[in-house]
Amino acid sequence: MTPGGITRRQLLVATGAATLLSQLPMGLALGRDAGKVPAFIDTLIGKMTLQEKAGQLTLFSSASQNGAAAAANPVTFTGAVSVQIAAAIAGQLTGVFNSSNVLWHERLQKAAMQSRLKIPMIFAADVIHGFTTVFPVPLGESASFEPELARRTARAAAMEAASVGIDWTFAPMVDIARDARWGRGVEGSGEDVLLGRRMAAARVQGFQGERGLADPEAVAACPKHFCAYGAAEGGLDYNTTDVSERVLRQTYFPPFQAGFEAGALTTMAAFNEISGIPATANKWLLDDVLRGQWDFRGVVVSDYTGDEELIAHGFARDGRDAARLAILAGVDMSMQSGLYLKHLPDLVESGEVPLAVVDASVRRVLQLKAQLGLFDDPFRRIRPSAPSRQRLPETLALAREAARKSVVLLKNDNQVLPLRAGGQRIALIGPLAQDWDSTKGPWTLFGGDDSSSDLASGLKQAMADPTQLSVVAGCGYQGPLPGGIEDAVNAANAADVVIMAIGESRDHSGEARSRTSITVPQPQLDLLDAVAATGKPVVVVLGNGRALALGELLPKAQAVLVGWYLGSASGLGLADVLFGAYGPSARLPVSFPRESGQVPYYYDHKITGRPDPHPEKLSAFKTRYMTTPNAALFPFGFGLTYGRIEYGGLDIGDGRLTVEGTLAIRATVHNRGTRAAEEVVQLYIHDRAASITRPVQELKDFRKVALAPGASTQVHFTLRRADLLFIGQDLKPTVEPGTFDLWVAPSAEVDGLHATFELLA
Ligand code: BGC
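The name given to the chain in an unreviewed UniProt entry is beta-glucosidase, with the source organism recorded as Pseudoxanthomonas spadix. In its Sequence similarities (unreviewed entry) section, the UniProt entry covering the chain states "Belongs to the glycosyl hydrolase 3 family." Quoted straight from UniProt, the Catalytic activity (unreviewed entry) entry for the chain says "Hydrolysis of terminal, non-reducing beta-D-glucosyl residues with release of beta-D-glucose."

Next comes the structure, spelled out in structure tokens:
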């Protein structure tokens, strides 16, 4: 029985596919094993024309889209509604993406059911951080250091998206991002490999759910962009990437591997080239590594016109050549260019592309559809008359939980925070004060009505007397407003405390939003200067989609919160933290350098032959800038609480790790303060000498612990030999005996508790 109470037979008969029934192994559509291809798929492939096969490998942007979805990509030819309906009937379209219109999905699916072979359509979408309920941008959510939270928000997003017919999300984005100029870091988990792996796995599990992909509330995940998109030179989007195979294997591959191990059955080829070969035509990457070495059996989709862009890269001569190169490299599905539809039949007939290659791609696509349960019931996620699953109270409550858990406290002089919710006049100043549009972040295509999610609304709801709040923009994001500074200074003078909501608008990050300088724009710093000159305590609440260089800003503020773009419950979540209903518990998933010129800056950099022993003073002939040390202003993992945290009592036993053994690590964390706190306890190591130079520190584990005022807790970690693997000279994982440093610490780049241990041969 299907979840709708109809038998599989009834459904197949209803959709005209009864002849296939005898070949469909019962239960397989519910299975998640990408290895088994149901026999009916090969029967089906045997009946398909070349044109129909090319159609199954061709995905187009939906003809029916809202404005935000349409604006997410360059305008290219997609075809009108009637064209897509005709293509569906002709069996020349595998599916469409970025529509949220369930009636349109129903119409297209009905059209596909009129096609000769009645192969169901797949509906995809960029469901990146929520659907109609918007959760914090993935970078912000990663600051929670709570993979379980990421799993739950992905689950909720999948539930909303699936209920309008979406089968497949182009998420999670798992690109390690180490250059804050690159605008797309906002979509991922930041700079660290371990955090990236854990978040990738959690998000895949969340999207896909626990009941198998055929569950009507599951959507297939697509870890993207494979690979090394985040390593773009100069942080410039789409730019050349030139990284060694070792760095690929050590840094950029692991989050993908974690996503696949968690069950993801699709991936997207990246736009960029890697060392001269575009990812979309990179046979080594897609065939040798992904399918050969990792045994990935799922679908590789190109990025938006990624195959056609092989021409601009200077890798393909023309569209035909581009289609040939992409399919031969292992790209199963062409997104948006239409090149497969146009050229594959001819390429097969001419012998330039073996039929077996096309069939293998078609098999993978049909298998994905089978796993999603679409052959069982093409309408399983298309339920126009079912009760709405959008923005349920519990989903909005989750958005608030996620929002407050994403806020990082960087500075809190004289414990200016938390503010009192009554009895003080607050001036809220800055372009982000009432900009609910920016709370959505750059990749919200389907968000519901969040017009009361801005900071001003959130504060008013939390304040005992909302008339004690005055709100002034003061300036725009990039330029002054007439009389803006004067208004802001007047508001500050009339208040007891000022909250400055400044930073980046949603347009500062996202795709094609690279910046040359990662600072808060100057007009906003000028505004801050003027307000700070009033002498009133200033709390800065940043809106941002990347690490920012805060050197200039910091001295002007008594407190600084990193607020990212927090989504549907942005204002409420921030108010929870500002007024202390919730103590800040997030940690930076990216290092905040001192100056823009340091980027790419990341904490697990190499040591070099001339490390700088005294970063705070200028030493000659050391690895540092003339004016700036080679260190972050706020390192990866950093974040304060409203408590007063102390670390002590490090115990690592005899400090010897044997081949089969484990190293048990214990440390005690105390909250000596008067307010509750959640601490993210982090375990770092450094391999002192190895046949490949090792980073100065590497995160190996973390635990988030809640501590009541005055409470202490012992935190346990376990290290195994496998945790110490690195990619050796032969490009294979290896581990070498020797001495290791170990730190249990509140962030990277601080001493914390230190010990050394020996890895025995
Ligand atoms: C982006 C992808 C996205 C696709 C479809 C591309 O421009 O790089 O991440 O999934 O568009 O919207």
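## Overview of the UniProt feature "domain: Fibronectin type III-like" (unreviewed entry) in the chain
Mapped onto this numbering, the UniProt entry gives "domain: Fibronectin type III-like" (unreviewed entry) at residues 679-748. The distance separating the terminal C-alpha atoms of residues 679-748 is 14 Å; by composition the span is 0% helix and 57% strand.

## Section: the pairing of strand β28 (residues 753-759)
The alternating pattern of β28 places Leu 753, Ala 755, Phe 757 and Leu 759 on a buried face, while none of His 754, Thr 756 and Glu 758, on the opposite face, is buried. Examined bridge by bridge, strand β27 (residues 738-745) and β28 share seven bridges and lie antiparallel to one another. Across the sheet, residue Gly 738 finds its bridge partner in β28, namely Leu 759.

## A closer look at the packing of aromatic side chains
For the structure on display, the rule yields 23 aromatic pairs. Ring centres 5.1 Å apart and planes at 75 degrees place the aromatic pair Phe 145 and Phe 702 in the edge-to-face group. One end of the pair, Phe 145, is in the loop between α7 (138-142) and α8 (147-162); the other, Phe 702, is in strand β23 (residues 698-707), with 557 residues separating them in the sequence. With relative accessibility at 6%, the residue Phe 702 sits in the buried group. Seen from their ring centres, Tyr 603 and Phe 636 are 4.8 Å apart, and the 15 degrees between their planes marks the pair as stacked. With Tyr 603 in the loop between β17 (592-593) and β18 (632-634) and Phe 636 in the loop between β18 and β19 (645-651), this residue pair connects regions lying 33 residues apart in the sequence. By relative accessible area, Tyr 603 is classed as buried at 1%. Here a set of aromatic residues connected by ring pairs shows up, and it is made of Phe 226, Phe 253, Phe 256, Phe 260, Trp 284, Trp 294 and Phe 296. Sitting over the face of the ring of Phe 702, Arg 198 holds its NZ or CZ atom 4.8 Å from the ring centroid.

## Section: the domain arrangement of the chain
Under the domain assignment, the chain is made up of domain 1 (23-371), domain 2 (401-598) and domain 3 (641-759). Contact residues are listed per partner, giving twelve residues for domain 2 and nine residues for domain 3. Summed over both partners, the interface of domain 2 with domain 3 buries about 900 Å², with 48% contributed by carbon and sulfur atoms. In this structure, the connection of domain 2 to domain 3 is made through one salt bridge. One salt bridge in this structure joins Arg 587 and Glu 679, with 2.8 Å as the shortest N-O distance. If you look at where domain 2 meets domain 3, you find five residue pairs in polar contact (both at pLDDT 80 or more). Looking at the side of domain 2 that touches domain 3, the elements with two or more residues in it are β11 (408-412) and α22 (570-578). Here the residues of the side of domain 2 that touches domain 3 are counted per class, giving seven nonpolar, four polar and one charged.

## Quick look at helix α21 (residues 522-532)
For α21, every residue scored as buried is listed here: Pro 523, Gln 524, Leu 525, Leu 527, Leu 528 and Val 531. At its buried positions, α21 is contacted by β12 (426-429), α20 (484-493), β14 (497-503) and β15 (538-543).

## Quick look at the packing of helix α10 (residues 245-252) against helix α12 (residues 283-293)
At a minimum axis separation of 14 Å, α10 and α12 run at an interaxial angle of 50 degrees. Classified by the angle their axes make, α10 and α12 are oblique. Between α10 and α12 lies a crossing of right-handed hand. Seen from α10, the contacting residues are Glu 245, Leu 248 and Arg 249; seen from α12, they are Trp 284, Val 289 and Gln 293. Grouping the amino acids of the contact of α10 with α12 by side-chain chemistry returns three nonpolar, one polar and two charged.

Cut-offs used in this document
Along every chain, residues carry numbers that run from 1 in the direction the sequence is written. The predicted nature of this model means local features are confined to residues of pLDDT at least 70 and side-chain atom pairs, given and counted, to a pLDDT of 80 or more, with totals for whole chains, interfaces and linings taken over all residues. To get the side-chain values, all heavy atoms of the structure are used, and hydrogens and water are removed first. UniProt positions are given in the numbering used here, feature names are shortened, and annotations may be inferred rather than shown by experiment. Going along the chain from the N terminus, every DSSP run of H or I of four or more residues is numbered as a helix, and every run of E of two or more is numbered as a strand. Think of it in three bands: with a 1.4 Å probe and only protein chains considered, a residue is buried below 20% of the maximum accessible area for its type, exposed above 50%, and partly exposed in between. A pair of strands is considered paired only if DSSP assigns at least 2 bridges between the two. Here is the rule: rings of Phe, Tyr and Trp (six-membered ring for Trp) pair when centre to centre is within 6.5 Å. Planes less than 30 degrees apart are stacked, more than 60 are edge-to-face, and the remainder are tilted. A ring has a charge above it when a Lys NZ or an Arg CZ is no more than 6 Å from the ring centre and no more than 35 degrees off the ring normal. Annotation comment: domain bounds sourced from an automatic or database domain assignment. Here, residues are in contact when the closest pair of their heavy atoms is within 4.5 Å. When two parts are put together, the accessible area they lose, computed with a 1.4 Å probe and summed over both, is reported as buried area. Any carboxyl oxygen of Asp or Glu within 4 Å of a side-chain nitrogen of Lys or Arg constitutes a salt bridge here. A 3.5 Å cut-off defines polar contacts: any pair of N or O atoms within that distance qualifies, except that in protein one atom must be a possible hydrogen donor and the other a possible acceptor, and neighbouring residues in sequence count only when both atoms are side-chain atoms. Note on residue categories: nonpolar means Ala, Val, Leu, Ile, Met, Phe, Trp, Tyr, Cys or Pro, charged means Asp, Glu, Lys or Arg, and polar means any other residue, Gly included. As a rule, the C-alpha atoms of each element are fitted with a line to give its axis, helices using only the stretch in contact, and angles between N-to-C directions run from 0 to 180 degrees. What sets the label is the angle itself: under 35 degrees gives roughly parallel, over 145 gives roughly antiparallel, 65 to 115 gives roughly perpendicular, and the rest give oblique. Here is the rule for handedness: rotate from the far helix to the near one, and if that takes an anticlockwise turn smaller than a right angle the crossing is left-handed, while a clockwise turn gives right-handed.

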